[in-house]
Amino acid sequence: MLILPLVALLGCDGVGVPIVLNPSDSGTPDGNPPRVTVGLELTTVTAIQPPVIRRFTAASSTINLGQSTTLNWSVAGATSLIIEPGVGTVTGTSVTVSPTVTTTYTLEAINDLGTVTATTTVTVTVPPAGWAPLAWTHELPGNYDSDVYRWLDSGKQQRTAVLTRNDSRDPGGSYGGMLRQFRFYLGSQERVATGTGASGLWNGWGYVVSHYGSGGLTHSGNIPGNYRQVFVGRHHAIHEFSWNLPINGTPVKATVHWFFATGRDHPIYAITFDSSAAGSGGLSVNADSRSPYGDIAWDGDGLNSYVDGVKWGDKYKFSSGTEPLTAQSTWDYTQPNVVPYTMAYSRTADAEMGMVQTLSWLQHNTGGTWFHTNWGYTSANRQGAGDFGTWLMPPNWNWPYQMCQYEMDDYNPTRSKRLAWGLMYGAVGSPSYYGYGYEGTFSGHPYQSYSVSMVMGRQSTSSVLAQVTQMERMLRGQLSATRGSVVLSGPTGVARTDTATYPVPGYNSVYGAYELQPDATGAFTATLNAAGGDIQNPVFLVHKSGGVPERLYLDGVLLTADVDYFASSDTSAGRVWITLNRTWNGSHTLSSVSSAFGVEP
């Protein structure tokens, strides 16, 4: 018997196996060899292929020295994975790396048939020198027991605020609780503004004053109070003063917050009057309250220059004309206004000081007395001329905001640096009072709260009016969130437990900040549209526990801490403060997550 082998090539998917069927033991009649019937049994075998790398990327392809990034991959068919240099064998789909120099990483995917590779590069940059953090110290300048705050402003120059403690009398005879001294730079020259001690009492600026009844007066300079550091973070701080100020025998609690932030020129002064002790009916007298109040040499110590002019804004803008300022100066009160402000200036000293409210005139009525009857008029066609006496300027008792008017005589200029905010009679402690202009009624009981920016700067650059413009733009900003949410309501003043809807969604007027609530993971993505014009270094307040986000992105670009933004974590309150070191124009998105993957890297 002869059996012939048969080989069948069936390709890479199977192997042919010969099978002999019914073999014959003898040859055929024709003498040929015996026939063999052969069949094939097919066995299917899966082919072995090289691995496939579908994706190998870095979550952040550019990082700053000292930062980390995540390498992410998607691989099929590999029995082992190796990343070089410096990582080695890996499993899963990601790994965190912290290169110190620009590095190209190679991913090797291996199986029995071979190895395939892919690369991704992480660029490491050395960031520019960061901005120094805000600093707080306890000092005794001139034996004034003080808390001193130092921070860098928008020009990266140091500003210093000396706040005198209010628990004992200071060398000037008052109980403090005010800004004793303010220092800032104009180019390379530092301007130092110190309390003047005017009237033997006003040793600085920021006192709380209320007149009432027939000659009644209460002010914080005559009453001991309390102070504390509410929060001192890396780049933000809140300092508090509080007093119980008697108004006609009823204690009214006044609480003041000073808010400082790296990258911002002008601190915020926020105050709440709490008249709860008066009961449901409020105070029995109409208080004439003025705060912040005081006298500080805003033209620079030792100059004692004449005041060349004054300006204020309520529903209209008032500006004096003839310089230097006297009771006979011309004036104009014809231009409409949005955000309330008040200021005095010296052109000869190139200096000015003022206050700018953090809300608009319609959102919070301010100012006092009855000079609104001259809205839309000038000194040439003034109304109620009989009330002016010998003055061409408004009579000293009828200025909406107190400034230097009580230190002016009929014809001579004044050197007084007095400056105060003003309210209508009854604005503190009355359940219902008329606002300035008598166009509506408001409630000042149990709370009266507001905030203003304190501005010192050059007259030639219109520092106060520039801040007015900034505030108008901030109020027109439009905040939205795609991750987390915009805060729509909260306390509308310091030391308050009640809440109200914010006049502008997401805008916290107490501190002039945009306010966000992150999602359950602590992440947020928010877009601010500067619809009203460029905003300089906006501040964001994020209700986030656990500290400052590890990374922040602006329009998907990773930001550098202490360079692109200045952040502070208030762990006790579960809040994070963030100042963006940017002129914010148009619409941009701030996020604590990577836009590439939608998760915290």
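This text gives an overview of the structure that appears in the document. (Residues numbered from 1 in each chain as written. Predicted model: local features only at pLDDT ≥ 70, side-chain atom pairs only at ≥ 80, totals over all residues. Heavy atoms only, no water.)

**Notes on the pairing of strand S5 (residues 69–76)**
Next, step 1: Pairing of strand S3 (residues 52–58) with S5, which is carried by 6 bridges, proceeds in the antiparallel orientation. Paired with Val52 across the two strands is Ala76, which belongs to S5.
Next, step 2: Bridging between S5 and strand S8 (residues 94–97) involves 4 bridges; their strand directions are antiparallel. When the bridges of S8 are listed, Asn72 appears paired with Ser94. (Pairing = 2+ DSSP bridges. Helix = DSSP H or I, 4+ residues; strand = E, 2+ residues; numbered from the N terminus.)

**A closer look at the side chain of Ser463**
Next, step 1: Along the chain, Ser463 falls in helix H1 (residues 463–475).
Next, step 2: Engagement of the side chain of Ser463 in a polar contact is seen with the backbone nitrogen of Arg458, the distance being 3.1 Å.
Next, step 3: Residues contacting Ser463, with those up to four places away along its chain left out, are Glu352, Val455, Gly457 and Arg458. (Polar contact = N/O pair within 3.5 Å; in protein donor to acceptor, adjacent residues only side chain to side chain. Contact = heavy atoms within 4.5 Å.)

**Considerations on the sheet that holds S3**
Two strands in a sheet stick together by hydrogen bonds in their backbones, pointing the same way (parallel) or opposite ways (antiparallel).
Next, step 1: Taken in spatial order, the 3 strands make up an open sheet running S3-S5-S8, and their pairing is antiparallel. Two strands close off the open sheet at either side, each with one partner strand: S3 and S8. When strand polarity is set aside, the average angle formed by the axes of neighbouring strands in this sheet is 15°. (Axes fitted to C-alpha atoms, helices over the stretch in contact; angles between N-to-C directions.)

**So, the side chain of Lys417**
Next, step 1: You can see Lys417 is positioned in the loop between strand S28 (377–378) and strand S29 (418–420).
Next, step 2: For Lys417, a relative accessible area of 3% translates into the label buried.
Next, step 3: In terms of polar contacts, Lys417 uses its side chain to reach the backbone carbonyl oxygen of Arg415, at 2.6 Å.
Next, step 4: Once residues within four sequence positions are removed from consideration, Lys417 is found in contact with Gly294, Asp295, Ile296, Ala297, Trp298, Asp299, Asn304 and Ser305. (Buried < 20%, exposed > 50% of the residue type's maximum accessible area, 1.4 Å probe, protein only.)

**Overview of the pattern of salt bridges**
Next, step 1: Scanning all chains against the criterion turns up 17 salt bridges.
Next, step 2: One salt bridge connects Glu550 with Arg551, and the closest N-O pair in it is separated by 3.3 Å.
Next, step 3: With relative accessibility at 57%, the residue Glu550 sits in the exposed group.
Next, step 4: Owing to a relative accessible area of 6%, Arg551 belongs among the buried residues under this scheme.
Next, step 5: Each of Asp295, Glu407 and Arg418 takes part in one network of salt bridges that share partners. (Salt bridge = Lys/Arg side-chain N within 4 Å of Asp/Glu carboxyl O.)

**Remarks on the sheet that holds strand S18 (residues 226–232)**
Next, step 1: The strand order S18-S19-S20-S21-S32-S27-S26-S23-S24-S25-S28 describes an open sheet built from 11 strands, whose pairing is antiparallel. Each edge of the open sheet is held by one strand with a lone partner, namely S18 and S28.
Next, step 2: Bridging between S18 and strand S19 (residues 236–247) involves 6 bridges; their strand directions are antiparallel. What sits directly across from Arg228, in S19, is Glu240.
Next, step 3: Its contacts with the sheet place H1 against strand S23 (309–313), strand S26 (341–346), strand S27 (351–357) and strand S32 (447–457), and it is angled at close to 20° to S27.

**Structural notes on the nonpolar core**
Next, step 1: Val208, Trp258, Phe260, Val310 and Met456 are the most contacted members of the largest nonpolar core, which totals 68 residues.
Next, step 2: With 35 residues, the next largest nonpolar core counts Val455, Phe524, Phe540 and Leu590 among its residues. (Core = buried A, V, L, I, M, F, W, Y, C linked by side-chain atoms within 4.5 Å.)

**Section: a nonpolar patch on the surface**
Next, step 1: Nonpolar side chains collect at one region of the surface, where Trp370, Trp397, Tyr406, Tyr425, Tyr434 and Tyr438 lie side by side and expose about 640 Å² of accessible area between them.
Next, step 2: Inspection of the secondary structure puts Trp370 in the loop between S27 and S28. (Patch = residues over 30% accessible without salt bridge, like charges linked within 9 Å, V, L, I, M, F, W, Y side chains within 5 Å. Areas by Shrake-Rupley, 256 points an atom, 1.4 Å probe, with all protein chains shown as cover.)

By themselves, these observations are geometric and do not establish any function.
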